[in-house]
Amino acid sequence: MAVTDPVADYLTRIRNAQMAKHRVVEIPASNLKKRITEILYDQGYILRYKFEETSNKQGVIKIALKYDASSKQPVIRKMKRISRPGLRHYVKADELPRVINGLGLAIISTSKGVITDKKAREENVGGEVLFYIY
């Protein structure tokens, strides 16, 4: 079955795995999803990840989810899709969003690739706001 919004599918798979207290979630791979996974790892939202090539050409991303040691709550509290196929959300470099006054992240697709809002401010580029995470 064709997925019309791969980013929303990615976020939903992570959200569902966390609600079920799974340690690992498998997601069909794409270059966009690989880059988002790398950003989540670099920012400390996931424990580890692995890109696996399969017999079909798409491949799989295996993500080890991160939970708080004491309360057993997921590190990712909320993920909110902003730009979607029916309503794209673009911002200029001087209008970049600040998620929870800088405590969260906005993932932005720019001409320089998929980057965080902080990196977009440094490079002074705007783009499409994919989602917020905190």
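Residues numbered from 1 in each chain as written. Predicted model: local features only at pLDDT ≥ 70, side-chain atom pairs only at ≥ 80, totals over all residues. Heavy atoms only, no water.

The protein appears in an unreviewed UniProt entry as Small ribosomal subunit protein uS8 from Saprospira grandis. Quoted verbatim from the Sequence similarities (unreviewed entry) heading of the UniProt record, the comment on the protein is "Belongs to the universal ribosomal protein uS8 family." In its Function (unreviewed entry) section, the UniProt entry covering the protein states "One of the primary rRNA binding proteins, it binds directly to 16S rRNA central domain where it helps coordinate assembly of the platform of the 30S subunit." (UniProt positions renumbered as here; feature names shortened; annotations may be inferred.)

Draft legend 1. Region of interest: unusual backbone geometry. Although it is not a glycine, Ile100 adopts a positive phi angle of roughly 50°. With respect to the helices and strands, Ile100 occurs in the loop between β5 (90-91) and β6 (105-110). A positive phi angle, near 55°, is found at Asn124, a position not held by glycine. Position of Asn124 among the secondary structure elements: in the loop between α3 (117-123) and β8 (127-133). On the basis of relative accessible area, Asn124 is assigned to the exposed category, the value being 59%. (Helix = DSSP H or I, 4+ residues; strand = E, 2+ residues; numbered from the N terminus. Buried < 20%, exposed > 50% of the residue type's maximum accessible area, 1.4 Å probe, protein only.)

Draft legend 2. The packing of helix α1 (residues 6-19) against helix α2 (residues 31-42), seen in detail. Viewed as axis vectors pointing N to C, α1 and α2 meet at an angle of 45°, and their least axial separation amounts to 10 Å. It follows that α1 is oblique to α2 by the angle criterion. Judged by the sense of rotation from one axis to the other, the crossing of α1 with α2 is right-handed. Counted together, Pro6, Val7, Asp9, Tyr10 and Ile14 of α1 and Leu32, Lys33, Ile36, Thr37 and Leu40 of α2 form the full contact between these two elements. Class assignment of the residues belonging to the contact of α1 with α2 gives a composition of seven nonpolar, one polar and two charged. (Axes fitted to C-alpha atoms, helices over the stretch in contact; angles between N-to-C directions. Parallel < 35°, antiparallel > 145°, perpendicular 65-115°, else oblique. Left-handed = near helix turned anticlockwise from the far one by under 90°. Contact = heavy atoms within 4.5 Å. Nonpolar A, V, L, I, M, F, W, Y, C, P; charged D, E, K, R; others polar.)

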